[in-house]
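Per-entry structural report
Listed below are the residues making up each chain.
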Amino acid sequence: MNAYLKRLIWPLAVLVTLIVVNIAQTGFDFIVPSVHDGRLGGAFVNILRNSVPLLLIALGMTLVIATKGIDLSVGAVYAIGAAIACQWIIDRDQSAFGTILTAVILALLVAAVIGAWNGAMVAYFGVQPIVATLILMIAGRGIAQLITGGQIPSVSDSTPFVELGRGAIATIPVPIVIGVLVFAVLALLTRTTALGMLLEAVGGNPAASRLAGIRSKGITILAYLVCGFCAGLAGLIGAANLGSADANNGGLWIELDAILAVVIGGTALIGGRFFLLGTVIGVAIIETLNVTIINVGLSSQWQFTAKAIVVFVVAVLQSPEFRAWLLKPFRRPDGGEPAPEPADDKEALAK
Amino acid sequence: MSTTVTERPSRTTLFDGLGRYIPIGVTVALLIVMYLGGIAAFPRFSSPQVIASLFIDNAALLIIAVGMTFVILSGGIDLSVGSMMAFSTMSIAALTVDLGVPAEVAVAAVLAFGTLSGLFTGAVIHYFNVQPFIATLAGLFLYRGLTLQLSDHDVSMRDIAFFDWGMLRMDFAGGQRDGGFSLPNISFIALAVVIVAFIVLHYTRFGRGVYAVGGSESSALLMGLPVARTKVGVYAVSGFCAALGGVVAAYYTKSANPLAGVGLELDAIAAVVIGGTILTGGTGFVLGTVAGVMVMGLLTTLIAFQGDLSSWWARIVVGVLLLAFILLQRFLSRSGEKRRT
């Protein structure tokens, strides 16, 4: 548990710094939530609310990366989920609760099936995860456009569907409730049952874990299935928030942001370990960073550049070779490659 | 248990050494089927200009896909090419239109920058052992951000005479009117890149090193091959090709669009895979990449000729083709493993 907390210290420090910068720029209104029309508002609550689609996808991505995989298709699945739900609703009685329920279930089902398909490609056909999910990353948006017929279906503002993105339960915005629920379920499933350990075992060494009696193929498929499901759910929330589904631009590049959030949170891409809470902090950092850039008076074009710097710094700091190179002037060359221990990590970061 | 499988196959067949040509053979067959199908369905499809247009509209993609072939053959991947292309075009526009720098200097500067940027990425990947996916992801964000900072709207380069050269056409077999075809200079640039890449990959030490590193990096290292130079070199090649793609795009449209080339890296990767190069590296041909680009271009042309089909079908078909080729490659490499053991 101690090592776990140490891992989270640096991402947390970055997040707190960003929040402090924002408070310095815009005052304490930034962090203090206010209540408007029976639901929580305020700058930081809005950041959290808008970050839920990315959070859901990043949580799913964390499980996939734990199995040494990667899922590039989540942005396309987001678009497909949004397209199915909106298209289903506008073709039927928009205010009927049954219609909404069917649309949501249908979209989530399709998203889960797509995820399972990705998992099966990886587990049974032995295709590299990047390649297997690249297929749907390219074809997926085409499928979403096929569903919407090239249009952008807009649901009416009175349909209960939009509550998924704009509503509130006991003053807490619905997306935040969903995000917390999904996080809690995944955290409980992976940390109180053996599932988390099995995921890490599969990511560490699939062949060895199979010989140890773990059904590694089933575990791999499950991870991709959950990731697809989360991407579909994210698409529903995004579509409900906007009231429409844009097959071309909905969730564009969200897969890259999600991978970035996972990596910031301390889950290495080599698999075998994962930190769900770290991912949550990673998502908060990315979304707060976007707002910070505007608040300190830089143009929104800086968002890409800032993200590039974050990717680069995180990637390089996670590299044992870079840390050894940095520490070379301070350490006698003994030839031993430093193990990626949390303590070592902290030491390197401190330099 | 292993006694029965260790003996060598008793007879060699005609096709033993030809297994690596199967994917490219399938691609060429697909290309021929698509072309003949097009001729059968649309009378005007038989004009040679249809083929020539593939090398005009896809000149930038072809150049970038050739660079991507080097990277993928070495076992890596480069996600930054689309952003790099947009950044190059936008830099040329900013240098020539806003600052009045001579166009020749601007083009040379952009090509040098692309190469240096690739060198840097390659060095980070090799010496710090950062995954190519993450290192080039930083490039994807960085160059798109820099492009948008240079300008967030289209910049026209129509007034600069230098950029007229790119679309000057040369007639073949009597030109378009007499049943022949014509090609502009940008197509010759693209074809020159293909020829140079072919020679470098197959007839130079660097090229053979790319295949060796992609096949097995540790084996290449033990053989004494310059692994570091090769791995850094392929990203430099890819960076140069992406920048050249940007130059060609400047010639082609005579304007710079900050959102040009979004998702181009995926098209390039798809073209390379459809062309028979295996994404784990070590196997593939640069001429296969040409066939891959032609398949994707012909697909778009067919959809344009058909008229009723919407553009998103192109994406779906490319996805299905990718799936088919990846499964084919898996099947071939598995049967190859079985034969060897």
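Everything numeric in this text was worked out from a predicted model, so none of it was measured.

On a plain count of helices and strands, chain A comes out with 16 helices and 4 strands. Here chain A has a C-alpha radius of gyration of 21 Å; the compact-globule value for 351 residues is 20 Å, and the two agree. For chain A, the spread of C-alpha atoms along the principal axes amounts to about 70 × 55 × 35 Å. Across the 351 residues that make up chain A, the buried fraction comes to 50%. Within chain A, residue pairs in contact and separated by at least 24 positions form 76% of the contacts whose partners lie at least 6 positions apart.

Right, let's get into the overall build of chain B. Counting secondary structure elements, chain B contains 13 helices and 4 strands. In terms of overall size, chain B behaves like a compact globule, its C-alpha atoms giving a radius of gyration of 21 Å where 341 residues would be expected to give roughly 20 Å. Its C-alpha atoms give chain B principal-axis dimensions of about 75 × 55 × 35 Å. The buried share of chain B, taken over its 341 residues, is 47%. Pairs at least 24 apart in sequence give 77% of the contacts found in chain B among residues at least 6 apart.

Residue and element names in this part refer to chain A. At A170, a position not held by glycine, the phi torsion is positive, near 50°. As for its placement among the helices and strands, A170 is situated in the loop between β3 (168–169) and β4 (172–173). Here T171, not a glycine, exhibits a phi torsion of approximately 65°, which is positive. For T171, a count of 13 C-beta atoms within 10 Å translates into the label partly exposed.

Turning to the interface of chain A and chain B, a few remarks are in order. With 34 residues of chain A at the interface, the matching set in chain B holds 37 residues. For the side of chain A that touches chain B, the secondary-structure elements that each account for two or more residues are α6 (129–148), α12 (254–264), α14 (302–317) and α15 (320–327) of chain A. Ranked by the residues each element gives to the side of chain A that touches chain B, the list is headed by α6(A), at 13 residues. Looking at the side of chain A that touches chain B residue by residue, the classes come out as 23 nonpolar, 8 polar and 3 charged.

Moving on to helix α12 (residues 286–306) of chain B. All names here are of chain B. With 21 residues, α12 ought to run about 30 Å at 1.5 Å a step, and its terminal C-alpha atoms sit 30 Å apart, in line with that. Of all 21 residues in α12, 15 are buried; the element is thus mostly enclosed. Within two residues after α12, G307 carries a phi angle of roughly 85°, on the positive side.

What follows covers the nonpolar core. Membership of the largest hydrophobic core comes to 204 residues, with the highest contact counts inside it found for I57(A), I80(A), A85(A), C230(A), I63(B), I64(B) and V248(B). Take this core: its biggest share by element is 17 residues, from helix α11 (residues 216–242) of chain A. Apart from the residues lying within four places of it in its own chain, the contact partners of I63(B) are A190(B), V193(B), C241(B), L244(B), G245(B) and V248(B).

The next point concerns the environment of L73(B). All names here are of chain B. With respect to the helices, strands and loops of the structure, L73 is situated in helix α3 (residues 59–73). With 207 residues separating them in the primary sequence, L73 and T280 have C-alpha atoms 7.6 Å apart. In this structure L73 touches V210, Y211, G214, T277, G281, G282 and G284, once residues within four positions along its chain are discounted.

Let us now look at the packing of helix α5 (residues 103–127) of chain B against helix α10 (residues 227–253) of chain B. Residues and elements named next belong to chain B. Packing of α5 against α10 leaves a shortest axis separation of 7 Å and a crossing angle of 145°. As α5 packs across α10, the resulting crossing turns out to be right-handed. Residue classes in the contact of α5 with α10 are distributed as 18 nonpolar, 11 polar and 1 charged.

Where helix α5 (residues 97–125) of chain A meets α11(A), the closest approach of the two axes is 7 Å, and the angle between their N-to-C directions is 145°. Crossing of α5(A) over α11(A) shows right-handed handedness.

Bringing the environment of I269(B) into the picture now. Its place among the elements puts I269(B) in helix α11 (residues 264–274). Taking the C-alpha atoms as reference points, I269(B) and I32(B), 237 residues apart in sequence, are found 22 Å from one another. If near-sequence neighbours (up to four positions away) are discounted, I269(B) is found in contact with L134(A) and M68(B).

This next bit is on the confidence of the model for chain B. Residue and element names in this part refer to chain B. Looking at chain B, pLDDT values average 87 and 92% of them are 70 or higher. The spread of mean pLDDT over the elements of chain B runs between helix α13 (residues 312–340), the lowest at 78, and α3, the highest at 96. Within the model, pLDDT remains below 50 along residues 1–10, and this stretch shows 2 contacts once partners closer than five positions in the same chain are excluded. Predicted complex, confidence summary: ipTM 0.81, pTM 0.86.

The rules behind the values
Residues numbered from 1 in each chain as written. Chains lettered and ligands numbered in written order. Predicted model: local features only at pLDDT ≥ 70, side-chain atom pairs only at ≥ 80, totals over all residues. Helix = DSSP H or I, 4+ residues; strand = E, 2+ residues; numbered from the N terminus. Rg over C-alpha atoms; globule rule 2.2 N^0.38 Å. Buried ≥ 20, exposed ≤ 12 C-beta atoms within 10 Å, placed from the backbone. Contact = placed C-beta atoms within 7 Å. Nonpolar A, V, L, I, M, F, W, Y, C, P; charged D, E, K, R; others polar. Expected span 1.5 Å × (residues − 1). Core = buried A, V, L, I, M, F, W, Y, C linked by C-beta atoms within 7 Å. Axes fitted to C-alpha atoms, helices over the stretch in contact; angles between N-to-C directions. Left-handed = near helix turned anticlockwise from the far one by under 90°. pLDDT = per-residue confidence, 0-100.

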